[in-house]
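Here is how the chains run, residue by residue.
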Amino acid sequence: MKYSGIGGQAVMEGVMMKNGGQYAVAVRKPDGEIIVDTKDYKGILPFGILKKIPFLRGIVNFIESLALGMKTLMYSASFYEEEEDTKSEAKEAFVMGVTMVISVVAAVVIFMLLPYFISSFFAEFINSHAVLAVLEGILRMAIFFTYILVISRVEDIQRVFMYHGAEHKCINCIEHGMELNVENVKKSSRLHKRCGTSFLFLVVCISIIFFIFIRTDSGLMRIVIRLILVPVIAGCAYEFIRLAGKSDNALVSLLSRPGLALQKLTTREPDDSMIEVGIASVEAVFDWKAYIKENWKS
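This is a predicted model, so every value here is computed, not measured.

**Topic: the overall build of the chain**
Then step 1. The number of helices and strands found in the chain is 10 helices and four strands.
Then step 2. Along the chain, helices (α) and strands (β) appear in the sequence β-β-β-β-α-α-α-α-α-α-α-α-α-α when read from the amino end.
Then step 3. In the chain, which comprises 298 residues, the proportion classed as buried is 40%.
Then step 4. Partitioning the intrachain contacts of the chain with sequence separation of at least 6 by distance along the chain shows that 69% fall at a separation of at least 24.
Then step 5. In the structure as shown, the chain presents an accessible area of about 16,000 Å², 63% of it carried by carbon and sulfur atoms.

Shown next, in the form of structure tokens:
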């Protein structure tokens, strides 16, 4: 495997791929046509230097990935709306921003604070701070797994997971030096070390370690600390994901296995038509022929 730098996500009936300052969204329209929209992406933060500083770059990339993901998801959904969209661009941007904020707040409450409040009920019976922290971590992991299992049973989400598989398989295809075509993509793995699923799994795991060693007697401060540490934990998880995507080191590969195993729930094997959409998205922003020629010389 050789790092390509390209990444993406599944959208409604399509795939978004990003490479450097460009991204493309390929969507299979209801009439069967594949439409590809390619745009430049400068980011939402004006300070590009932050993207080069370890740990801080993880926070920046996390925020920008959320914003770009929401934007491209709404774009893909627009092809499947029953009524013509008459909203202005300004109103759409406002709705997207509000939706993103609500989603982030809900995620923090559910995955970071809810396990703490549940575990605090056991404080009367458990005197060990470390044991309570581990219990909180187990609860957080259980909530996370339950969430994944529940959404994986939704029919529309299952199709998104198939496109998620197509995204991974396209990237794996080129990163293993194979020509990007349907047959080669079908042979490639639907699991990838740089997946967002692995990132979220790492966030949960790293939070357990952090909260074991950070102690305070104040209940309010424990809540504040958990909120403050969310971006720090995200930054740490990003650094590992970034390393894993570039390394075949045995230890890194071993630590990546749980996240890869979890991806079996968030990806599905795509059909040929979905793979074609993934290929179209890749080719809009990435010269895979030049990449293979440069990195896989015989």
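**Some points on the pattern of salt bridges**
Then step 1. Tallied over the full model, the rule gives 11 salt bridges.
Then step 2. Close ionic contact of E13 with R159 constitutes a salt bridge, the shortest N to O distance being 2.6 Å. Of this pair, E13 sits in the loop between β1 (7-11) and β2 (14-19) while R159 sits in helix α4 (residues 155-175), and the two are 146 residues apart along the sequence.
Then step 3. When its relative accessible area of 15% is taken as the criterion, E13 is described as buried.
Then step 4. The exposure class assigned to R159 is partly exposed, which follows from its relative accessible area of 33%.

**Description of the sheet that holds β1**
Strand pairing within a sheet occurs via backbone hydrogen bonds; the two strands may be parallel or antiparallel.
Then step 1. Across the sheet, four strands lie side by side as β1-β2-β3-β4; this open sheet has antiparallel pairing. Unpaired on one side and paired on the other, β1 and β4 (34-40) mark the two borders of the sheet. The mean inter-strand angle of the sheet, taken between neighbouring strand axes irrespective of direction, is 15 degrees.
Then step 2. Pairing analysis gives seven bridges linking strand β3 (residues 22-28) to β4, with the strands arranged antiparallel. Note on β4: the bridge partner recorded for A24 is T38.
Then step 3. Here helix α1 (residues 56-77) sits on the sheet and contacts β1, β2, β3 and β4; the angle it forms with β3, its principal contact strand, is near 30 degrees.
Then step 4. The sheet contacts of α4 involve β1, β2 and β3, and relative to β1 the element is tilted by about 160 degrees.

**Structural notes on helix α3 (residues 129-151)**
Then step 1. An ideal rise of 1.5 Å per residue puts 33 Å on 23 residues; α3 measures up with 33 Å between its terminal C-alpha atoms.
Then step 2. Looking at α3, one finds that the buried residues are L132, A133, E136, G137, R140, M141, F144 and I148.
Then step 3. With a side-chain oxygen lying 3.4 Å from the backbone nitrogen of A130, the N-terminal cap of α3 falls on S128.

**Focus on the pairing of β3**
Then step 1. A large share of β3 lies buried, amounting to six of its seven residues.
Then step 2. As paired elements, β2 and β3 share six bridges and run antiparallel to each other. Bridged to V15 within β3 is A26.
Then step 3. Adjacent in sequence and paired antiparallel, β2 and β3 are bridged by two residues, among which G20 carries a positive phi angle near 60 degrees.
Then step 4. Between β3 and β4, which pair antiparallel and follow one another directly, the connecting turn spans five residues, one of which, G32, has a positive phi of 100 degrees.

**Some words on a nonpolar patch on the surface**
Then step 1. On the surface, a nonpolar cluster with roughly 230 Å² of combined accessible area is contributed by M12, L73 and Y80.
Then step 2. Along the chain, Y80 falls in the loop between α1 and α2 (89-120).
Then step 3. Judged by relative accessible area, which is 31%, Y80 ranks as partly exposed.

**Comments concerning the packing of aromatic side chains**
Then step 1. If you walk through the whole model with that rule in mind, you get six aromatic pairs.
Then step 2. With a centroid separation of 6.0 Å and an interplanar angle of 80 degrees, the aromatic rings of Y23 and Y41 are classed as edge-to-face. Placement of the pair is Y23 in strand β3 and Y41 in the loop between β4 and α1, with a sequence separation of 18 residues. Y41 carries the same exposure label as Y23, and that label is buried.
Then step 3. Sitting above the plane of the F211 ring, R226 keeps its charged end 4.4 Å from the centroid.
Then step 4. Sitting above the plane of the Y3 ring, K246 keeps its charged end 4.9 Å from the centroid.

**Examining the nonpolar core**
Then step 1. I6, M17, I174, L180, V282 and F286 are the most contacted members of the largest nonpolar core, which totals 26 residues.
Then step 2. At the level of secondary structure, the elements contributing two or more residues to this core comprise β2, β3, α4, α5 (182-187), α9 (272-285) and α10 (288-295).
Then step 3. In terms of residues, this core owes the most to one element, α9, which gives seven residues.
Then step 4. Among residues more than four places away in sequence, those in contact with L180 are C170, C173, I174, V185, I279, V282, E283 and W288.
Then step 5. M112, L202, L229 and Y238 belong to the second-largest nonpolar core, a separate cluster that totals 17 residues.

What counts as what
Residues numbered from 1 in each chain as written. Predicted model: local features only at pLDDT ≥ 70, side-chain atom pairs only at ≥ 80, totals over all residues. Heavy atoms only, no water. Helix = DSSP H or I, 4+ residues; strand = E, 2+ residues; numbered from the N terminus. Buried < 20%, exposed > 50% of the residue type's maximum accessible area, 1.4 Å probe, protein only. Contact = heavy atoms within 4.5 Å. Areas by Shrake-Rupley, 256 points an atom, 1.4 Å probe, with all protein chains shown as cover. Salt bridge = Lys/Arg side-chain N within 4 Å of Asp/Glu carboxyl O. Pairing = 2+ DSSP bridges. Axes fitted to C-alpha atoms, helices over the stretch in contact; angles between N-to-C directions. Expected span 1.5 Å × (residues − 1). Polar contact = N/O pair within 3.5 Å; in protein donor to acceptor, adjacent residues only side chain to side chain. Patch = residues over 30% accessible without salt bridge, like charges linked within 9 Å, V, L, I, M, F, W, Y side chains within 5 Å. Phe/Tyr/Trp six-rings, centres within 6.5 Å; stacked < 30°, edge-to-face > 60°. Lys NZ or Arg CZ within 6 Å of the ring centre and 35° of its normal. Core = buried A, V, L, I, M, F, W, Y, C linked by side-chain atoms within 4.5 Å.

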